[in-house]
Amino acid sequence: MTTFYLVRHGETQWNQEQRLQGWLDSSLTENGRAAAERLHEQLQQIPFAAAYCSSSGRARETMAILTANRQLPIAYEDDLREIYLGEWQGHTIEEIMATNKLDYELYTNYPAQFVATHTESFGAVTERAMFTLKKIAAQYRDESILIVSHAVTIKCIINAILQRSISELWTAPYIHGTSVTVIERQAQQWLVQDIGNLHHLQ
């Protein structure tokens, strides 16, 4: 059995500004770094065999905090990046609602009806993320693996494992910054053990 600890990166400047990032980037805030430090302490007892990280800067910054004082092999994967959001990237939600309200409301409220014209599709994110997890599970049987990724990517993974339709993509709980989602790979079966855990912040 391979156990994956999927962590969303810490809060960033653009998260605070409600500005969409996608494949663009911004640095962690002081709160984001502090939350990652607290998670670092909580994860100390888990003997990770390896760590895999989205190639985005905010994920790398979070991973550096989580793996401080550990001698872990870390791989940076483009396929663990956030959903590509095309022309929305770098814009605030307010700006997007002023120019592209219908599409954005479909994206956030009716994901099954959202048509990816300038963005990546939820299906494409799911395919690349699950391909990466399967590849890692094949390499690390009976090990624990740390992964730092992004909210939509983690949501797509959860949705795929629970065999939900895209219409259920945003089902609670929300994936907050530095939250931990635990999934397991047993033979050909996937299991979700925990979603969006924030015990380290309590």
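Preceding this paragraph is the structure being described.
About the cut-offs
Residues numbered from 1 in each chain as written. Predicted model: local features only at pLDDT ≥ 70, side-chain atom pairs only at ≥ 80, totals over all residues. Heavy atoms only, no water. Helix = DSSP H or I, 4+ residues; strand = E, 2+ residues; numbered from the N terminus. Buried < 20%, exposed > 50% of the residue type's maximum accessible area, 1.4 Å probe, protein only. Polar contact = N/O pair within 3.5 Å; in protein donor to acceptor, adjacent residues only side chain to side chain. Contact = heavy atoms within 4.5 Å. Lys, Arg positive; Asp, Glu negative; His and termini not counted. Salt bridge = Lys/Arg side-chain N within 4 Å of Asp/Glu carboxyl O. Axes fitted to C-alpha atoms, helices over the stretch in contact; angles between N-to-C directions. Parallel < 35°, antiparallel > 145°, perpendicular 65-115°, else oblique. Left-handed = near helix turned anticlockwise from the far one by under 90°. Nonpolar A, V, L, I, M, F, W, Y, C, P; charged D, E, K, R; others polar.

Asker: Whenever I open this one, the side chain of N197 confuses me. Can you help?
Answerer: As for its position among the elements, N197 is in strand β6 (residues 189–197). Classification of N197 by relative accessible area gives buried; the value is 14%. There is a polar contact of 2.8 Å between the side chain of N197 and the backbone nitrogen of H199. The residues touching N197, leaving out its near neighbours within four places in the chain, are T178, S179 and V180.

Asker: How should the side chain of K155 be read in this particular structure?
Answerer: Topologically, K155 is positioned in helix α6 (residues 151–161). The side chain of K155 sits in the buried core without any salt bridge; E168 is the nearest counter-charge, 11 Å away. Within polar-contact distance, the side chain of K155 engages the backbone oxygen of T171 at 2.4 Å. If near-sequence neighbours (up to four positions away) are discounted, K155 is found in contact with L169, W170, T171, A172, P173 and I175.

Asker: Honestly, the pattern of salt bridges in this entry has me stumped. Any pointers?
Answerer: Opposite charge on two side chains allows them to pair when their charged atoms are near. Considering all chains together, one arrives at 5 salt bridges under this definition. Two residues, R58 and D25, come together in a salt bridge whose shortest N-O distance is 2.9 Å. Of this pair, R58 sits in helix α3 (residues 57–66) while D25 sits in the loop between α1 (13–16) and α2 (30–42), placing them 33 residues apart in sequence. Take R58: its relative accessible area is 1%, and that puts it in the buried class.

Asker: Please clarify how the packing of α2 against α3 should be interpreted in this entry.
Answerer: Angle between the axes and distance between the axes are the two parameters that describe a pair of packed helices. Running from N to C, α2 and α3 point in directions that differ by 40 degrees, and their axes come no closer than 8 Å. The orientation of α2 with respect to α3, classified from their angle, is oblique. Judged by the sense of rotation from one axis to the other, the crossing of α2 with α3 is right-handed. Touching R33, A36, E37, L39 and H40 of α2 are E61, T62, I65 and L66, all from α3. Among the residues forming the contact of α2 with α3, the class breakdown is 4 nonpolar, 2 polar and 3 charged.

Asker: Would you mind going over unusual backbone geometry with me for this structure?
Answerer: Trans is the prevailing form of peptide bonds, just as negative phi is the prevailing case for residues other than glycine. With an omega of 5 degrees, the peptide bond running from A172 to P173 counts as cis. Mapped onto the elements of the fold, P173 is located in the loop between α6 and β5 (180–186). One non-glycine residue, D142, lies in positive phi territory at about 60 degrees. Topologically, D142 is positioned in the loop between α5 (122–139) and β4 (144–149). For D142, a relative accessible area of 59% translates into the label exposed. Despite not being glycine, T178 has its phi angle at roughly 65 degrees, a positive value. Along the chain, the position of T178 falls in the loop between α6 and β5. A residue is classified by how much of its surface remains accessible, and T178, at 0% relative accessible area, is buried.

In short, geometric facts, not functional conclusions.
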